[in-house]
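# An overview of the molecular structure
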Amino acid sequence: MEFREVYCTNCKKVLGRYNTKFYSEDKINELMNVTHVTHIRNGHHVNIRKVKKN
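Per-chain numbering applies: the sequence of each chain, read as written, is numbered from 1 onward. A pLDDT threshold of at least 70 governs which residues receive local features in this predicted model, and a stricter bar of 80 or more applies before side-chain atom pairs are shown or counted, although totals over entire chains, interfaces and linings include all residues. Hydrogens and water molecules were not included; the side-chain quantities draw on all heavy atoms of the structure.

## Describing the pairing of strand β1 (residues 2-8)
Within β1, six of the seven residues are buried, leaving the element largely enclosed by the surrounding structure. Strands are treated as partners if at least two bridges between them are detected by DSSP. Only runs of H or I of at least four residues qualify as helices and only runs of E of at least two qualify as strands under DSSP, and these elements are numbered from the N terminus. Here β1 pairs with strand β3 (residues 46-52) via seven bridges, running antiparallel. Each bridged residue has a counterpart across the sheet, and for Y7 the counterpart in β3 is N47. Pairing analysis gives six bridges linking β1 to strand β2 (residues 13-19), with the strands arranged antiparallel. Across the sheet, V6 pairs through a bridge with G16, a residue of β2. Here β1 folds back onto β2, and the loop between the two strands holds four residues, one of which, K12, carries a positive phi near 55 degrees. Only protein chains enter the calculation, and the probe is 1.4 Å; a residue is then buried if its accessible area is under 20% of its type maximum, exposed if over 50%, and partly exposed in between.

## Comments concerning the sheet that holds β3
In a beta sheet, neighbouring strands pair by backbone hydrogen bonds and run either parallel or antiparallel. If you walk across this open sheet you meet the three strands as β2-β1-β3, and the pairing is antiparallel. Each having just a single partner strand, β2 and β3 make up the two edges of the open sheet. Going across the sheet, the axis of each strand differs from the next one's by a mean of 25 degrees, ignoring polarity. For helices, the fitted line uses only the C-alpha atoms of the stretch in contact; every axis is such a line through C-alpha atoms, and the angle between N-to-C directions lies from 0 to 180 degrees.

## Concerning the side chain of H36
Mapped onto the elements of the fold, H36 is located in the loop between α1 (25-35) and α2 (37-41). The exposure class assigned to H36 is buried, which follows from its relative accessible area of 7%. Here a residue-residue contact requires only that any non-hydrogen atoms of the pair lie within 4.5 Å. Dropping the residues within four chain positions of it, H36 is found in contact with V6, L15, G16, Y18 and L31.

## Some points on the pattern of salt bridges
The salt bridge definition used is simple: a Lys or Arg side-chain nitrogen within 4 Å of an Asp or Glu carboxyl oxygen. Summed over all chains, the structure comprises three salt bridges. The salt bridge involving K50 is made with E2; its shortest N-O contact spans 3.8 Å. Linking K50 in strand β3 with E2 in strand β1, this pair joins segments that are 48 residues apart in sequence. By relative accessible area, which is 31% here, E2 ends up partly exposed.

Structure below.
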């Protein structure tokens, strides 16, 4: 299974993990603007990365 992780480089932790089958990249960007906006407003660097899990 492939996932896209929302990762904060300042906190060094995963904020969310979303399945690529159900969440498109646009949907994940929308979720970032709604759910993870506090990290972005505090000046943290948030990345979206692709992860493959078995």
